[in-house]
Amino acid sequence: MNEAANPEATPGPYAYARLRRTGRLLAAGGAAALLATSLTACGGDSLEKEGGGPADGGGSKGELVIGSAGFTESQIMAELYAKLLTKAGYSTSISKLKNRELYEPALEKGEIDVVPEYAATLAEFLNAKKNGPKAKPVASNDADETVGALDKLAGPRGLKVLPAGKAVDQNAFAVAEDFAKKHRLKSLSDLGKSGEKVKLAASDECEERPFCRPGLEKTYDIDVTGIDPKGVGTTQAKEAVKDGTDQMVLTTTTDATLKDFGLVLLEDDKGLQNADNVLPVVNAEKAGGKKVAAALNKLTKVLTTKDLADLNGQVDADRKKPKDVAEEYLKAKKLI
């Protein structure tokens, strides 16, 4: 929930996908801008460690503290991790923190042991910490390369990056179902080739961010006539597309409410967005053993982007508790 400051580079989707959920302003211009914005909203619960021994996968199993950021998806993921690790024999607890600027240092210190993360976003966050806000981007739309870059940055900080799965939470663009059917649209390339003009419901920053309006125009040759500043994936933005005021909305791949507004995502078939695949990151000393990795990998192997959207919807729309939603999912997948 970070991007390099190089204006010619394509930033990752962190700022839109995660800042939207924490109710903060977008800071997608670079890692430095993101840090500045995030720090204005610092808060969240204090960290409390309740003893426990090392969780190195050998000998007695101790306590593991799972970190959770301040948005629904992170809270669900933390619950999923906690239940899997409990089944594996660990004593678990969840510590909720507002944002990455709080939980990442705590992870390095061993105050928390495990966090659900996003490959491209964390890679650029650590890249900026090591090389400064104007560092050359290391994330891309290639998941393997992005995870590899993340691993190189995480290791020296005492962090271990576990395998990523297919589930991805990144920026996405949606149009009305009727609009898509009328113009035979399944992808952003289809929209560009159609020659249709679109007004885009997004945030103000979309006007200049490489992965938003400039990227749509350069990569897909989409004729964006203007930005309607209604925010990222907000009800107002989606309503504007539903009623035809706007033709496209910037949202995320795990938006659980698109069907409620009669909207469909268009495939990012040329990889405009960076690979923000979901993956666990752990404190190497406290939770870097094989048993922790094996327990979490069971989820990573089965979790999909659609699953994430469905889980988010159960909490945000159906008002279920993240803990209950996580338990139901794991039981359905026969993981607990």
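If you're wondering where the values come from, they're calculated on a predicted model, not measured in any experiment. (Residues numbered from 1 in each chain as written. Predicted model: local features only at pLDDT ≥ 70, side-chain atom pairs only at ≥ 80, totals over all residues. Heavy atoms only, no water.)

## Some thoughts on the state of the cysteines
Let me state the cut-off plainly: Here, two cysteine sulfur atoms that lie within 2.5 Å of each other are counted as a disulfide. Using a 1.4 Å probe on the protein chains alone, a residue whose accessible area is under 20% of its type maximum counts as buried, one over 50% counts as exposed, and one in between counts as partly exposed.
Taken as a whole and assessed by the stated rule, the structure comprises 1 disulfide. A sulfur-sulfur distance of 1.8 Å marks the disulfide that ties Cys 206 to Cys 212. Across the disulfide from Cys 206 to Cys 212, rotation about the S-S bond amounts to roughly -80 degrees, and the bridge is consequently left-handed. Exposure remark for Cys 212: the relative accessible area of 0% places this residue in the buried category.

## Thoughts on the confidence of the model for the chain
Spelled out, the test is: Predictor confidence is given residue by residue as pLDDT, running from a minimum of 0 to a maximum of 100. Note on contacts: a residue pair is in contact if any heavy atoms of the two residues lie within 4.5 Å.
Within the chain, residue pLDDT values average 85, and 82% of them lie at 70 or more. In this model residues 1-54 is a low-confidence stretch, pLDDT under 50, and it forms 161 contacts with partners more than four residues away in sequence or in other chains.

## Considering the side chain of Thr 254
Here is the rule: To qualify as a helix, a DSSP run of H or I must reach at least 4 residues; to qualify as a strand, a run of E must reach at least 2; elements of each kind are numbered from the N terminus. Definition of a polar contact: a pair of N or O atoms within 3.5 Å, with one able to donate and the other able to accept a hydrogen when the atoms are protein atoms, and with sequence-neighbouring residues admitted only if both atoms are side-chain atoms.
Looking at the element boundaries, Thr 254 is found in the loop between strand S8 (248-252) and strand S9 (263-266). Engagement of the side chain of Thr 254 in a polar contact is seen with the side chain of Glu 73, the distance being 2.9 Å. Polar side-chain contacts of Thr 254 include one of 3.3 Å to the side chain of Asp 169.

## Some details on helix H12 (residues 290-302)
Think of an α-helix as turning once every 3.6 residues; residues three or four places apart then point the same way. We apply this condition: One less than the residue count of a helix, multiplied by 1.5 Å, gives the span that helix is expected to have. Note on bend: the value at a residue is the angle between axes fitted to the seven residues ending there and to the seven starting there.
For H12, built from 13 residues, the straight-helix expectation of 18 Å at 1.5 Å per residue is met to within 8% by its first-to-last C-alpha distance of 19 Å. Along its length, H12 shows its largest kink, about 30 degrees, at Leu 296. Three or more residues of H12 are buried, namely Val 292, Ala 295, Leu 296, Asn 297, Leu 299 and Thr 300. Against the buried residues of H12 lie strand S1 (63-68), helix H3 (72-87), strand S3 (114-118), strand S10 (278-283), helix H11 (284-287) and helix H14 (322-332).

## Some remarks on the pattern of salt bridges
Basically, it comes down to this: Salt bridge, as used here, is a side-chain nitrogen of Lys or Arg placed within 4 Å of a carboxyl oxygen of Asp or Glu.
Inspection of every chain in the model, using the stated rule, returns 14 salt bridges. Here Glu 108 and Lys 129 are joined by a salt bridge, their closest N and O atoms 3.5 Å apart. Of this pair, Glu 108 sits in helix H4 (residues 100-109) while Lys 129 sits in helix H5 (residues 119-131), placing them 21 residues apart in sequence. Classification of Glu 108 as partly exposed rests on a relative accessible area of 24%. Of the charged contacts, one joins Lys 197 and Asp 223 as a salt bridge, the two residues approaching to 2.7 Å between their closest N and O atoms. Remark: Asp 223 occurs in strand S7 (residues 223-229) and Lys 197 occurs in strand S6 (residues 197-202); sequence separation between them is 26 residues. When its relative accessible area of 32% is taken as the criterion, Asp 223 is described as partly exposed. One network of salt bridges, with partners in common, ties together Glu 104, Glu 108, Lys 129 and Arg 157.

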